[in-house]
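# Chain and residue survey
The primary structure of each chain is shown beneath.
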Amino acid sequence: MKPNREEAADAAGIEDPRPPTLRAAGERLLARWQAGAVLISRGEEGMALFKPGGRPAEFPPSRAKSNDVTGAGDTVLAACALALGAGGSLEEATLLANHAAGVVVGKIGTATVSAEELRAAVRGA
């Protein structure tokens, strides 16, 4: 599951989607949905990966400034699916997705990420 922070708070019945209540929302959603993991996108604060029995893994944004967030959530899902399909862990998939989202939010409008752009983002170029 990959809600944004507002969707996660709403689904968990929590009014304030900011930390520390976001952690409570992630834990509540894991239990409610009986999910193996919940990835909550936090906009300019990056993403948080919740898994049962542990602390959330936080992934800061890979880009300092966003030009347009259109399609960033779809990019995250696609990059996660790509990494998981290639045998990556949830943490590796989230890291790759975070970099992919960083590329698309740096563009205007609905955008795609090329393999070269993603490779450069991962390498920090």
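All figures in this text were calculated on a predicted structure; none of them were measured in a lab.

How each quantity is defined
Residues numbered from 1 in each chain as written. Predicted model: local features only at pLDDT ≥ 70, side-chain atom pairs only at ≥ 80, totals over all residues. Heavy atoms only, no water. Helix = DSSP H or I, 4+ residues; strand = E, 2+ residues; numbered from the N terminus. Contact = heavy atoms within 4.5 Å. Buried < 20%, exposed > 50% of the residue type's maximum accessible area, 1.4 Å probe, protein only. Pairing = 2+ DSSP bridges. Axes fitted to C-alpha atoms, helices over the stretch in contact; angles between N-to-C directions. Parallel < 35°, antiparallel > 145°, perpendicular 65-115°, else oblique. Left-handed = near helix turned anticlockwise from the far one by under 90°. Nonpolar A, V, L, I, M, F, W, Y, C, P; charged D, E, K, R; others polar.

## As for the side chain of Asn98
Considering the arrangement of structural elements, one finds Asn98 in helix H4 (residues 90-104). For Asn98, the contacting residues outside a window of four places in its chain are Met47, Phe59, Pro60, Pro61 and Ser62.

## Considerations on the environment of Ala121
When you line up the elements, Ala121 lands in helix H5 (residues 115-123). We classify Ala121 as partly exposed; its relative accessible area is 21%. The spatial distance from the C-alpha of Ala121 to the C-alpha of Asn98 is 9.6 Å, given a sequence separation of 23 residues. Those residues in contact with Ala121 that sit more than four places away from it in its chain are His99 and Val103.

## Side note on the sheet that holds strand E2 (residues 47-50)
Reading across the sheet, the three strands line up as E1-E2-E3 and stay open at both edges, with antiparallel pairing between neighbours. The open sheet terminates on both sides in strands that have one partner only, identified here as strand E1 (38-41) and strand E3 (57-59). Strand-to-strand twist of the sheet, defined as the mean angle between neighbouring strand axes without regard to direction, takes the value 20 degrees.

## Section: the packing of H4 against H5
Interhelical geometry of H4 versus H5 gives an angle of 115 degrees and a closest axis separation of 9 Å. When the axes of H4 and H5 are compared, the pair comes out roughly perpendicular. Every pair of crossing elements has a handedness; the one defined by H4 and H5 is right-handed. Two secondary-structure elements touch here, H4 through Leu96, His99, Ala100 and Val103 and H5 through Glu117, Leu118, Ala121 and Val122. Residue composition of the contact of H4 with H5, grouped by class: six nonpolar, one polar and one charged.

Nothing here speaks to function; it is geometry throughout.
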